Amino acid sequence: MRRVKVEIFLGIVFILIASMILLGYGIQEEQRMAEYARAQEARAIEAGAALYEQQCSRCHGTQGRGIPGLCPPLNDRYFFDQRLAEVGWSGTLEDYIVATASSGRLISTRADLYPGQGVPAMPSFSEQFGGPLREDQIRYIAAFIMNWESTAELVEAPSRPSGAAVGTDITKALPEGDAARGEALAQSLACVACHIASPTGPAWLPSGDQPGIGTRAETRIGEAGYSGQATNAFEYLFEAIVLPNVHVVAGFSEGIMPANYAQTLSDQDLADLIAYLLTLK
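Residues numbered from 1 in each chain as written. Predicted model: local features only at pLDDT ≥ 70, side-chain atom pairs only at ≥ 80, totals over all residues. Heavy atoms only, no water.

Details of the environment of leucine 70
Okay, so step 1: Along the chain, leucine 70 turns up in the loop between helix 2 (57–60) and helix 3 (77–87).
Okay, so step 2: A relative accessible area of 11% means that leucine 70 is categorised as buried. (Helix = DSSP H or I, 4+ residues; strand = E, 2+ residues; numbered from the N terminus. Buried < 20%, exposed > 50% of the residue type's maximum accessible area, 1.4 Å probe, protein only.)

Some thoughts on the packing of aromatic side chains
Think of a pair of aromatic rings as described by two things: how far the centres are apart, and how the planes are tilted against each other in angle.
Okay, so step 1: Counted under the stated rule, the structure contains seven aromatic pairs.
Okay, so step 2: Here tyrosine 226 and tyrosine 236 contribute two aromatic rings whose centre-to-centre distance is 6.0 Å and whose plane-to-plane angle is 55°, an arrangement assigned as tilted. Within this pair, whereas tyrosine 226 is found in the loop between helix 8 (213–220) and helix 9 (233–242), its partner tyrosine 236 is found in helix 9, the two being separated by 10 residues in sequence.
Okay, so step 3: Residue classification places tyrosine 226 among the buried positions, given a relative accessible area of 15%. (Phe/Tyr/Trp six-rings, centres within 6.5 Å; stacked < 30°, edge-to-face > 60°.)

With respect to the packing of helix 6 (residues 179–188) against helix 11 (residues 267–277)
Okay, so step 1: Axis separation between helix 6 and helix 11 bottoms out at 7 Å; the angle between their running directions is 100°. Between helix 6 and helix 11, the crossing angle belongs to the class labelled roughly perpendicular. Together, Ala179, Arg181, Gly182, Glu183, Leu185 and Ala186 of helix 6 and Gln268, Asp269, Asp272, Leu273, Ala275 and Tyr276 of helix 11 make up the contact between the two elements.
Okay, so step 2: Here the residues of the contact of helix 6 with helix 11 sort into six nonpolar, two polar and four charged. (Axes fitted to C-alpha atoms, helices over the stretch in contact; angles between N-to-C directions. Parallel < 35°, antiparallel > 145°, perpendicular 65-115°, else oblique. Contact = heavy atoms within 4.5 Å. Nonpolar A, V, L, I, M, F, W, Y, C, P; charged D, E, K, R; others polar.)

Digging into the nonpolar core
Okay, so step 1: Ranked by size, the top nonpolar core spans 30 residues in total, and within it Trp204, Phe238, Ile241, Leu265, Leu270 and Leu277 carry the most contacts.
Okay, so step 2: Apart from the residues lying within four places of it in its own chain, the contact partners of leucine 270 are Val166, Leu174, Phe238, Ile241, Val242 and Leu265.
Okay, so step 3: In terms of nonpolar packing, the next biggest core, distinct from the first, is built from 24 residues, Ala44, Tyr52, Phe80 and Val98 among them. (Core = buried A, V, L, I, M, F, W, Y, C linked by side-chain atoms within 4.5 Å.)

Quick look at empty space enclosed by the protein
Okay, so step 1: Counted by the stated rule, this structure contains one cavity of 30 Å³ or more.
Okay, so step 2: Approximately 600 Å³ is the volume attributed to the largest cavity.
Okay, so step 3: Surrounding the largest cavity, 37 residues form its lining, His195, Pro202, Ala240, Pro244 and Met257 being those nearest its centre.
Okay, so step 4: Mapped onto the lining of the largest cavity, the elements with two or more residues apiece are helix 7 (191–195), helix 8, helix 9 and helix 11.
Okay, so step 5: Top contributing element to the lining of the largest cavity by residue count: helix 9, with five residues.
Okay, so step 6: Along the lines of polarity and charge, the residues of the lining of the largest cavity split into 26 nonpolar, seven polar and four charged. (1 Å grid on protein atoms, 1.4 Å probe; cavity = no way out; pocket = protein on both sides within 12 Å on 5 of 7 lines; lining within 4 Å. Points joined across faces, edges and corners; volume = space filled by probe spheres on them.)

So, the side chain of arginine 220
Okay, so step 1: Within the secondary structure, arginine 220 is located in helix 8.
Okay, so step 2: Setting aside residues no more than four positions away along its own chain, arginine 220 makes contact with Tyr226, Tyr236 and Val249.

Brief notes about helix 5 (residues 135–146)
Okay, so step 1: Counted at 1.5 Å a residue, the expected span for helix 5 with its 12 residues is 16 Å, and the 17 Å between its end C-alpha atoms agrees.
Okay, so step 2: All of the buried residues along helix 5 are Gln137, Ile138, Ile141, Ala142, Ala143, Phe144 and Ile145. (Expected span 1.5 Å × (residues − 1).)

Comments concerning helix 4 (residues 93–103)
Okay, so step 1: Considered for burial, the residues of helix 4 that qualify are Leu93, Tyr96, Ile97, Val98, Thr100, Ala101 and Ser102.
Okay, so step 2: Buried residues along helix 4 sit against helix 3 and helix 5.
Okay, so step 3: The positive-phi residue at the C-terminal boundary of helix 4 is glycine 104, with phi of around 80°.

A word on the pattern of salt bridges
Okay, so step 1: Within this structure, the stated rule accounts for nine salt bridges.
Okay, so step 2: Glutamate 86 serves as the salt-bridge partner of arginine 83, at 2.6 Å between the closest nitrogen and oxygen. Of this pair, arginine 83 and glutamate 86 both sit in helix 3, three residues apart, which is roughly one turn of the helix.
Okay, so step 3: Classification of glutamate 86 as partly exposed rests on a relative accessible area of 33%.
Okay, so step 4: A salt bridge links aspartate 267 to lysine 172; the nearest nitrogen and oxygen atoms lie 2.9 Å apart. Here the residue aspartate 267 occupies a position in helix 11, and lysine 172 occupies one in the loop between helix 5 and helix 6, the gap between them amounting to 95 residues.
Okay, so step 5: Overall, the relative accessible area of 27% leaves lysine 172 in the partly exposed class.
Okay, so step 6: Here the salt bridges do not stand alone but share partners, grouping Arg181, Asp269 and Asp272 into one network. (Salt bridge = Lys/Arg side-chain N within 4 Å of Asp/Glu carboxyl O.)

Dropping the structure here:
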């Protein structure tokens, strides 16, 4: 009888201990779930960062600050606070990013600042629409972009020319150009992102047996298939900047180069850019 009582007592003790352990787990479950959710979010952001670098950075910039005249910023207070109202989207911003990245955008919503008339303003990235990414990968990119929300600052809209817009007359006389200022302008306009840092556009710098753009501009107008109106290197570069779709270099696509520089650059801006390009022999 005494042994039975001991066994009952020990059973009660074990039950109490097990109950306390379970209660402890239960109290900490919410915290564990929150930590698990944070870990999952961190992994999604990390995966999204790599995918953004591969798929998005050439147009939207490595830090999401956009490229003036080409693509709008995403790491931007305006994007997080006003974009949904601007386009009339009633869902969440993350869902808007997913939807836009999935199906692309045919028409620019800010045609005065960014291209997108006649050619897609943004390609489709989802496999469902012929793109290269799975749905979960696009969600990762959206998570990475949303990660900027707490620190995003307002990115100023591309500035208008300091003087009258240069226009599209490639025979127009321009002021003397400043190559140093032109190099700085090429940096601020992010021209180097496509023509130096990546092969999105024709390379500016010499490579192998290929000379730089300053030398190639002299011979480009004499090549078979040249469809522009330039008669010298200066006019060729003038035309390539303000009328980029008049002649598209073989191996590249129409519509990639911003088509609004004739309206957003001044005579001096363009003269400086051309002076810089002509130094790249």
